[in-house]
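# Geometric and topological summary
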Amino acid sequence: AQPNLGALARMETWAKALDPQPRHARHVAALAIELYDGLCASGFLSPAFRDGRETLRTAALMHEIGRSKTSKKYHKASSGLIRKLKAPLGWSADDLATTALLVRHHRGRFPLGVPALRCLSPEQRDFVIACAGILRLADAMDCGREEKVHKLTVHNRGTYLEIAAWGYQSA
């Protein structure tokens, strides 16, 4: 299915108004999409989840909106703000709930026993776990908010997965 570009633009504008650092969110979204596309192309992730790429991109754009409410556990606040949204045209309530789950679980430990995850189908749960991990890694690649990592590539090397981070420098 083709994503509704108007809905995506509306959600991005809303997130930009709440996020104290929207440039960071856009950078993290770009890195997350590079990881997602690379993992799909390498056979490590199935792109079968409907509009999964745009759900991940939207979650990345919204991942820090909770900082407008709190500096501690902002990922929970971000998820709560997303849950209060009315699904825009072209999105379902489930799409928005999935976005909120990705944002909620991109930080901290990942408790698989929470009711919101238990009620998902195995495919949806796998998607949420994978994409929350992708968002976590993309966010870590810009932890200094300096956009030093400007490109990520993914290669299936048979016995291991190689992720190259162009611009990465160890501390």
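Residues numbered from 1 in each chain as written. Predicted model: local features only at pLDDT ≥ 70, side-chain atom pairs only at ≥ 80, totals over all residues. Heavy atoms only, no water.

### Some details on the pairing of strand S2 (residues 161–166)
Sheet topology note: the strand S1 (residues 151–156)/S2 ladder contains six bridges and is antiparallel. Looking across to S2, one finds that His155 is bridged to Glu162. Once S1 ends, the chain turns through four residues before running back antiparallel as S2, passing Gly158 with a positive phi of about 85 degrees. (Pairing = 2+ DSSP bridges. Helix = DSSP H or I, 4+ residues; strand = E, 2+ residues; numbered from the N terminus.)

### Topic: the pattern of salt bridges
Inspection of the entire model under this criterion finds eight salt bridges. Here Arg53 ties to Asp37 by a salt bridge, and the two come within 2.8 Å at their closest N and O atoms. Of this pair, Arg53 sits in helix H3 (residues 52–62) while Asp37 sits in helix H2 (residues 22–41), and the two are 16 residues apart along the sequence. Relative accessible area serves as the criterion here: at 34%, Arg53 is assigned to the partly exposed category. One salt bridge in this structure joins Glu162 and Arg157, with 2.9 Å as the shortest N-O distance. Residue classification places Glu162 among the partly exposed residues on the basis of a relative accessible area of 27%. Under the relative-accessibility criterion, Arg157 is labelled partly exposed at 40%. (Salt bridge = Lys/Arg side-chain N within 4 Å of Asp/Glu carboxyl O. Buried < 20%, exposed > 50% of the residue type's maximum accessible area, 1.4 Å probe, protein only.)

### Some thoughts on the layout of surface pockets
Here the largest pocket defines a volume of roughly 240 Å³. Together, 14 residues line the largest pocket, and Met141, Cys143, Gly144, Lys148 and Gln169 are the ones closest to its centre. When grouped by side-chain class, the residues that make up the lining of the largest pocket number six nonpolar, three polar and five charged. (1 Å grid on protein atoms, 1.4 Å probe; cavity = no way out; pocket = protein on both sides within 12 Å on 5 of 7 lines; lining within 4 Å. Points joined across faces, edges and corners; volume = space filled by probe spheres on them. Nonpolar A, V, L, I, M, F, W, Y, C, P; charged D, E, K, R; others polar.)

### Section: helix H7 (residues 122–140)
If you check H7, its first and last C-alpha atoms are 27 Å apart, about what 19 residues at 1.5 Å a residue would give, namely 27 Å. Where H7 is buried, its residues contact H2, H3, helix H4 (74–83), helix H5 (93–104) and helix H6 (115–118). (Expected span 1.5 Å × (residues − 1). Contact = heavy atoms within 4.5 Å.)

### Section: the nonpolar core
With 39 residues, the main nonpolar core has Tyr36, Leu56, Ile82, Leu102, Val128, Cys131 and Ile134 as its most contacted residues. In this view, Cys131 contacts Tyr36, Leu56 and Leu102; residues no more than four positions away in its chain are not counted. (Core = buried A, V, L, I, M, F, W, Y, C linked by side-chain atoms within 4.5 Å.)

### Considering a nonpolar patch on the surface
Side chains of Phe44, Leu161 and Ile163 sit close together on the surface and give an oily, nonpolar patch of about 240 Å² of accessible area. With respect to the helices, strands and loops of the structure, Ile163 is situated in strand S2. (Patch = residues over 30% accessible without salt bridge, like charges linked within 9 Å, V, L, I, M, F, W, Y side chains within 5 Å. Areas by Shrake-Rupley, 256 points an atom, 1.4 Å probe, with all protein chains shown as cover.)

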